[in-house]
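Residue-level structure breakdown
In case you want the letters, here they are:
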Amino acid sequence: MAVVTETAATNGVSTAVKHKVIFVLGGPGSGKGTQSAKLVSEFGVVHLSAGDLLRAHMKSGSKEGTMVADMIANGQIVPSYVTVGLLQDAMRDSGKGVFLIDGFPRNEENRAAFEEQTKITPEFILFFDCPAETMEKRLLGRQEGRTDDNLETIRKRFKVFEEQSLPVVQHYEKTGRVARINADRDPEDVYREVRRLFEEL
Ligand code: C5P
Ligand code: MG
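What you see as residue numbers is a count from 1 along each chain, following the sequence as written. Each chain gets a letter, beginning with A, and each ligand a number, beginning with 1, in the order they are written. Local features are withheld for residues below a pLDDT of 70 in this predicted model, meaning they are given only at 70 or higher, and side-chain atom pairs are given and counted only at 80 or more; totals for whole chains, interfaces and linings count all residues. Side-chain measures were taken over the full set of non-hydrogen atoms in the model, leaving aside hydrogen atoms and water.

**Here's the deal with the pattern of salt bridges**
Salt bridge, as applied in this entry: a Lys or Arg side-chain nitrogen positioned within 4 Å of an Asp or Glu carboxyl oxygen. Taken as a whole and assessed by the stated rule, the structure comprises 19 salt bridges. With a shortest N-O distance of 3.1 Å, Glu42 and Arg195 are connected by a salt bridge. Taken together, the residues Glu42 in helix 2 (residues 32-43) and Arg195 in helix 9 (residues 187-200) connect sequence positions 153 residues apart. Categorising residues by exposure relies on relative accessible area from a 1.4 Å probe, with only protein chains included: less than 20% of the type maximum marks a residue as buried, more than 50% marks it as exposed, and the intermediate range marks it as partly exposed. Of the residues examined, Glu42 reaches a relative accessible area of 34% and is grouped as partly exposed. A residue is classified by how much of its surface remains accessible, and Arg195, at 30% relative accessible area, is partly exposed. Numbering of helices and strands runs from the N terminus, with a helix taken as a DSSP run of H or I at least four residues long and a strand as a DSSP run of E at least two residues long.

Structure representation (structure tokens):
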């Protein structure tokens, strides 16, 4: 696997730490967080969920936090200057080198800004492929108190996913870096395949 060595001068992420990044993509409710948690406990990688980082940020009480809260409630993609900044801070603070970044990049702007600011090329992309009906059932079934797990926002999120996020997956498919996984199965069955991929890669 290619290794990127960062220096303090490039972006402030780290001082000469070797960073490896795996993007975990898929529609809302496709199982990104569930599968990432399993990988953390088995492989000791660091899991960074862009959505979780943004939800924590929106509670900060800042003006930017209010913007993030409004955008999440409407299923919109937050500008990259916020999200990439949060990811860079979290990577630096972890002191670790291998990251599963879940729910990012969500659009072309996310992808370009991350590559530009971190100079990191992802090792590969795990893409959880799941029909909308299954994702909708999962989202409506979970009780996490989220402002966006209601039918109206869920429909908006699906539309944003198809229009903005799928093209990012297609972009990476051209580079041969996408591992597409059928996520319309029991989470344990999905994980068996995910783990096998990790062992190979
Ligand atoms: O990935 P998750 O479902 O937790 O994301 C929830 C919401 O967070 C998204 O619908 C979007 O509003 C916001 N988000 C974003 N940019 C990302 C990831 C999430 O704006 N890269
Ligand atoms: Mg999630």
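**Brief notes about the UniProt feature "binding site: ATP" (unreviewed entry) in the protein chain**
UniProt positions are given in the numbering used here, feature names are shortened, and annotations may be inferred rather than shown by experiment. The residues that UniProt annotates with the feature "binding site: ATP" (unreviewed entry) are Gly29, Ser30, Gly31, Lys32, Gly33, Thr34, Arg142 and Arg185. Following the sequence through the fold, Gly31 ends up in the loop between strand 2 (18-26) and helix 2. What makes two residues a contact is simply this: any of their non-hydrogen atoms within 4.5 Å. When sequence neighbours within four positions are dropped, the list of residues in contact with Gly31 reads Phe128 and Arg138. Tracing the backbone through its elements, the reader meets Thr34 in helix 2. Among the residues examined, Thr34 registers a relative accessible area of 43% and is labelled partly exposed.

**Some details on the packing of aromatic side chains**
Stacked, edge-to-face and tilted are the three classes for Phe, Tyr and Trp ring pairs, Trp counted by its six-membered ring, which pair at centre distances within 6.5 Å; planes under 30 degrees apart are stacked, over 60 edge-to-face, the rest tilted. Enumeration according to the criterion identifies six aromatic pairs in this entry. Both rings, one in Phe124 and one in Phe198, keep their centres 5.8 Å apart while their planes meet at 70°; by these two values the pair is edge-to-face. One end of the pair, Phe124, is in strand 5 (residues 124-129); the other, Phe198, is in helix 9, and 74 residues separate them in sequence. Among the aromatic residues, those joined into a cluster by ring pairs are Phe23, Phe104, Phe114 and Tyr172.

**A word on the site of ligand 1**
We call a residue near a molecule or strand whenever a single non-hydrogen atom of that residue lies within 4 Å of it. Ligand 1 sits among 16 residues. The nearest are Arg55, Gln76, Val78, Gly103 and Arg106. The definition of a polar contact used here is a pair of N or O atoms within 3.5 Å, where within protein one atom must be able to donate a hydrogen and the other to accept one, and adjacent residues in sequence count solely through side-chain atom pairs. Asn110 places a side-chain nitrogen or oxygen 3.1 Å from a nitrogen atom of ligand 1. Between ligand 1 and Arg146, the relevant distance is 3.2 Å, taken from an oxygen atom to a side-chain nitrogen or oxygen of the residue. Protein burial of ligand 1: of its 450 Å² of free accessible surface, 96% is covered by the chains. Every element with two or more residues in the shell around ligand 1 is listed here: helix 3 (50-58) and helix 4 (63-73). Sort the elements by how many residues they give to the shell around ligand 1 and helix 3 lands first, with four residues. Following the grouping adopted for this structure description, the nonpolar residues are Ala, Val, Leu, Ile, Met, Phe, Trp, Tyr, Cys and Pro, the charged ones are Asp, Glu, Lys and Arg, and the polar ones are all others, Gly among them. Residues belonging to the shell around ligand 1 are distributed by class as follows: seven nonpolar, four polar and five charged. Here the Shrake-Rupley method, with its probe set to 1.4 Å, supplies the accessible areas, and only the displayed protein chains count as covering residues.

**A few points about the side chain of Lys32**
Looking at the element boundaries, Lys32 is found in helix 2. Counting rule for charge: Lys and Arg are taken as positive, Asp and Glu as negative, and neither His nor the chain ends is counted. As a buried residue without a salt bridge, Lys32 has its nearest oppositely charged side chain in Asp102, at a separation of 4.8 Å. Here the side chain of Lys32 touches Gly27 through a polar contact of 3.1 Å, landing on its backbone oxygen. Filtering out sequence-adjacent residues up to four positions away, Lys32 remains in contact with Val24, Leu25, Gly26, Gly27, Asp102, Gly103, Arg106 and Phe128.

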